[in-house]
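Reading the structure
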Amino acid sequence: YPLCALAVSDERPVSTQSTWGNETSLQGGANFTEGSLKLPGDVRGYVSVANSKEYASMKKSFSVACWFQQPYTQGFAQVISKGPWRKAFSIGCRHTEGEGNTIRFSCSGAQGMVSINKNVKSWDKFPKLEDKTLQSLTNEEADLTWFHCAMTFGGSKFRAYVNGEFVGEKTLHGNVILRNKDLAIGCENSDSQGHNFLKGRVYDVCVFPRDISQLAIKNLMESGRPRQEYIRQKEASLAEAAAKAASKGPSDKFLEMQRRMAARKGRR
């Protein structure tokens, strides 16, 4: 069983399960809606999961997994993190000129830090205009690709997976430092305010007190995949309702109120 599992209910704001009873709270502009955690990115917003003493016993092995979506380019954003920079673990997104979008997995311990990078959108997928002013005024088209990310640590080996596929391995001797700080979903929790906020969606966050197999990671991924269609349908329904409301213009009730106000002013 996972130490911490965060899943979004279809009807309720949030449903959390935990073997050791972690407390979960929304911070800032984060919101549970349309079947996932929705994060604004341009303002403070994330989920904080209270620290647990059980993390101290995970210094030799652990696993973390989640689904996430990042529709718009961000220089740097954190999907999930525990502890400040160079502490515990994190899964983050980076956009670098000449390279494109990279998912970065990192883990730190008493004997240093290791990281694994996986490019998921190459530089040639980002159209560029020679006119920089025109480029700045061009609206970026949303990229609704979902990624399943997982990282495991055990036997002094740190491994990373994207969409169920193995993408890298690093050796890390000694103990991982997991006992400090709360777990943050959607930012880097270097302090109580958070930094490097993700603009996108996250769901099916799991933290296990042992290193799980690639088969288990693929099972987690496949079990969560159907939710994406539910989210897509919910978003489409909201967009359709907004378009209809905009096309109708002001309501009859609003127009009648405006007429009455104008009539009153005319009688004065």
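Cut-offs applied
- Residues numbered from 1 in each chain as written.
- Predicted model: local features only at pLDDT ≥ 70, side-chain atom pairs only at ≥ 80, totals over all residues.
- Heavy atoms only, no water.
- Helix = DSSP H or I, 4+ residues; strand = E, 2+ residues; numbered from the N terminus.
- Buried < 20%, exposed > 50% of the residue type's maximum accessible area, 1.4 Å probe, protein only.
- Polar contact = N/O pair within 3.5 Å; in protein donor to acceptor, adjacent residues only side chain to side chain.
- Contact = heavy atoms within 4.5 Å.
- Phe/Tyr/Trp six-rings, centres within 6.5 Å; stacked < 30°, edge-to-face > 60°.
- Arc of directions from axis to C-beta.
- pLDDT = per-residue confidence, 0-100.
- Pairing = 2+ DSSP bridges.
- Axes fitted to C-alpha atoms, helices over the stretch in contact; angles between N-to-C directions.
- Disulfide = S-S within 2.5 Å.
- Salt bridge = Lys/Arg side-chain N within 4 Å of Asp/Glu carboxyl O.

Looking now at unusual backbone geometry. One non-glycine residue, asparagine 163, lies in positive phi territory at about 55 degrees. By the secondary structure assignment, asparagine 163 is in the loop between strand S13 (157-162) and strand S14 (165-171). With a relative accessible area of 31%, asparagine 163 lands in the partly exposed category.

Attention now goes to the side chain of serine 81. Along the chain, serine 81 turns up in strand S8 (residues 76-82). Look at serine 81 and you get buried, because its relative accessible area is 1%. At a separation of 2.8 Å, a polar atom in the side chain of serine 81 contacts the main-chain carbonyl oxygen of cysteine 187. Here serine 81 is in contact with Phe89, Ser90, Asp182, Leu183, Ala184, Cys187, Glu188 and Asn189, once residues within four sequence places are set aside.

Inspection of every chain in the model, using the stated rule, returns eight aromatic pairs. Taking 6.2 Å as the distance between ring centres and 10 degrees as the angle between the ring planes, the aromatic pair formed by tryptophan 67 and tyrosine 203 counts as stacked. With tryptophan 67 in strand S7 (residues 62-69) and tyrosine 203 in strand S16 (residues 199-208), the pair connects residues that are 136 residues apart, well separated along the chain. For the pair tryptophan 67 and tyrosine 203, a shared accessibility class is recorded, and that class is buried.

On to the environment of proline 127, then. Looking at the secondary structure, you find proline 127 in the loop between strand S11 (112-122) and helix H1 (132-137). Its relative accessible area of 70% is what places proline 127 among the exposed residues.

Right, let's talk about helix H2 (residues 214-224) for a bit. Of all the residues in H2, the buried ones are Ile217, Met221 and Gly224. The arc that holds every buried residue of H2, seen down its axis, measures 75 degrees, which confines them to one face. In H2, those exposed residues whose orientation departs by more than 90 degrees from the buried face are Leu215 and Ser223.

Overall, the prediction assigns the protein a mean pLDDT of 83, with 83% of residues at 70 or greater. Every residue in residues 9-20 is under pLDDT 50, and counting partners more than four places away or in other chains gives 22 contacts.

Overall, antiparallel pairing links the seven strands, which are arranged S3-S6-S15-S8-S9-S10-S11 in an open sheet. Looking along the sheet, the strands with just one partner apiece sit at the ends: strand S3 (24-28) and S11. Recorded for the sheet is a direction-independent mean angle of 25 degrees between the axes of neighbouring strands. Summarising the sheet, S3 and strand S6 (residues 45-49) pair through five bridges and their orientation is antiparallel. Following the sheet pairing, threonine 24 is matched in S6 by valine 49.

This structure, assessed with the given rule, holds zero disulfides. Summary of cysteine pairing: cysteine 66 is not part of a disulfide, and the nearest cysteine sulfur, belonging to cysteine 149, is at 5.6 Å.

Below, the discussion takes up the pattern of salt bridges. The tally for this structure, following the rule as stated, stands at nine salt bridges. A salt bridge links glutamate 169 to lysine 157; the nearest nitrogen and oxygen atoms lie 4.0 Å apart. With a gap of twelve residues between them, glutamate 169 in strand S14 and lysine 157 in strand S13 connect regions that are remote in the sequence. On the basis of relative accessible area, lysine 157 is assigned to the partly exposed category, the value being 27%. A salt bridge links arginine 225 to glutamate 222, with the nearest nitrogen and oxygen atoms 3.1 Å apart. The partly exposed category is assigned to arginine 225, whose relative accessible area is 36%.

The topology assignment puts serine 57 in the loop between S6 and S7. Between the alpha carbons of serine 57 and arginine 210 there is a distance of 9.9 Å; along the sequence they are 153 residues apart. Within polar-contact distance, the side chain of serine 57 engages the backbone oxygen of glutamate 54 at 2.7 Å.

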